Amino acid sequence: MKFIAFNVREDELPYFKAWEKENGIQVDTVHEALTTDSLDQLAGYDGVLGLQTGTYPQKMFNKLKENNIKVFSIRNVGVDNLDLEEAKQNEIKVTNVPAYSPNAIAEFSVTQLMQLLRNTTVFRRKVVEHDFRWAPFVGKELRSLTVGVIGTGRIGRAAINIYRGFGAKVIAYDVYPNPALDREGIYVSSYDELFAQADVITMHMPATPADHHLINAASIAKMKKGVYIINTARGSLINTADLITAVKNGQVAGAALDTYENESTLFNHDWRNKEIKDETFNELLQLDNVLVTPHVAFYTEIAVQNMVYIALNSAKAVCETGTAETLIN
Ligand code: COI
């Protein structure tokens, strides 16, 4: 048995090495993302591991089949960039890592919200400029706010617990309500109801075509004036241009965006000393009350180790038994 992993970062390498040693299975690692060219160099491998938010190469699963690859394991949770129909046609088993650390992402949501509520990035900038005055940046406390959680899977549920710990009133919406939460009466019955009641909206659902640009001019108009929006899910859920307009006119008091609809060539790349031609993105970076982070909500030691180990264990399980707990097709 032999695997190859793409898009491997330096911080993942010790985990790959440790797994390789513990399991006695060779795992080759490649720093670059999977491309059409790399698909031609897979002969002899049984499984391929990927991790990227952008699109995978065209006809990838067809190529994997030609190379007798049995399993394609992603080290992350989101499968929105995979053509699962093509995987099925080519009989490639696909696995993901559904729960590497829901807390990592849930904690990041509250981390970013707290920064917005207490204006810490503004105070940091002012202090560096030796401006030590307080006004007008008076903060808000979470216990005075209603937090609307969209998506109540593992991450959403972790977020609910954390926000409740801060004393916030939490409401939620999910097309597939969780029975235990339902009994607690946490759910509102529609997006519109959540938009009307929430002071903070935190998004923890997968990206589906139905929710493309869920947050847009029309939905923002239904929200409370001064709402905060936190997106650690997928960039495609927000119409960024509409959000910028709403931040500028005060309808949205602040936003924390860990994902961006055109992030794949930007995030986890070094753009220092290079011109970014994406005007919408450049405009976002100018806004004091928008916190942009490069898709790092997941990025904790626990999560990284789990992503590597669970993806490799899944690939191994598929090769040995034809299935895995994390199989998604
Ligand atoms: C995911 O797990 O789907 C994420 O968004 C994390 C990222 C490294 C791809």
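Residues numbered from 1 in each chain as written. Predicted model: local features only at pLDDT ≥ 70, side-chain atom pairs only at ≥ 80, totals over all residues. Heavy atoms only, no water.

**Q** Can you help me understand empty space enclosed by the protein in this one?
**A** Applying the stated criterion across every chain, the model contains 1 cavity of 30 Å³ or more. Approximately 30 Å³ is the volume attributed to the largest cavity. Together, Val77, Pro98, Ala99, Tyr100, Ser101, Pro102, Ile105 and Ile155 line the largest cavity. Class assignment of the residues belonging to the lining of the largest cavity gives a composition of 7 nonpolar, 1 polar and no charged. (1 Å grid on protein atoms, 1.4 Å probe; cavity = no way out; pocket = protein on both sides within 12 Å on 5 of 7 lines; lining within 4 Å. Points joined across faces, edges and corners; volume = space filled by probe spheres on them. Nonpolar A, V, L, I, M, F, W, Y, C, P; charged D, E, K, R; others polar.)

**Q** Would you take a moment to explain the pattern of salt bridges for this structure?
**A** Oppositely charged side chains are able to pair whenever their charged atoms sit close together. Tallied over the entire structure, the rule returns 19 salt bridges. Two residues, Glu184 and Arg164, come together in a salt bridge whose shortest N-O distance is 2.8 Å. One end of the pair, Glu184, is in helix H7 (residues 179-184); the other, Arg164, is in helix H6 (residues 154-165), with 20 residues separating them in the sequence. Beyond isolated ion pairs, a larger network of salt bridges with shared partners links Arg9, Asp11, Glu12 and Arg75. (Salt bridge = Lys/Arg side-chain N within 4 Å of Asp/Glu carboxyl O. Helix = DSSP H or I, 4+ residues; strand = E, 2+ residues; numbered from the N terminus.)

**Q** Which parts of the structure should I look at to understand the UniProt feature "domain: D-isomer specific 2-hydroxyacid dehydrogenase catalytic" (unreviewed entry) in the chain?
**A** When the UniProt feature table is mapped onto this chain, "domain: D-isomer specific 2-hydroxyacid dehydrogenase catalytic" (unreviewed entry) is found at residues 7-329. Its end C-alpha atoms 23 Å apart, residues 7-329 is made of 37% helix and 13% strand. (UniProt positions renumbered as here; feature names shortened; annotations may be inferred.)

**Q** Would you mind showing me how to read the pairing of strand S6 (residues 146-150) here?
**A** Side-chain direction in a regular strand flips from residue to residue, so the side chains alternate between the two faces of the sheet. With respect to burial, S6 is a largely interior element, 5 of its 5 residues being buried. Burial of the side chains of S6 extends over both faces: Thr146, Gly148 and Ile150 are buried on one face and Val147 and Val149 on the other. Note: S6 against strand S7 (residues 169-173), 5 bridges, orientation parallel. Along S7, the bridge assignment pairs Val147 with Val170. At this point the chain moves from S6, through H6, to the parallel S7, and the crossover so formed is right-handed. Pairing geometry for S6 and strand S8 (residues 200-203), over 4 bridges, is parallel. Across the sheet, the residue bridging to Val147 is Val200, located in S8. (Buried < 20%, exposed > 50% of the residue type's maximum accessible area, 1.4 Å probe, protein only. Pairing = 2+ DSSP bridges. Right-handed = clockwise from strand over helix to strand, strands pointing away.)

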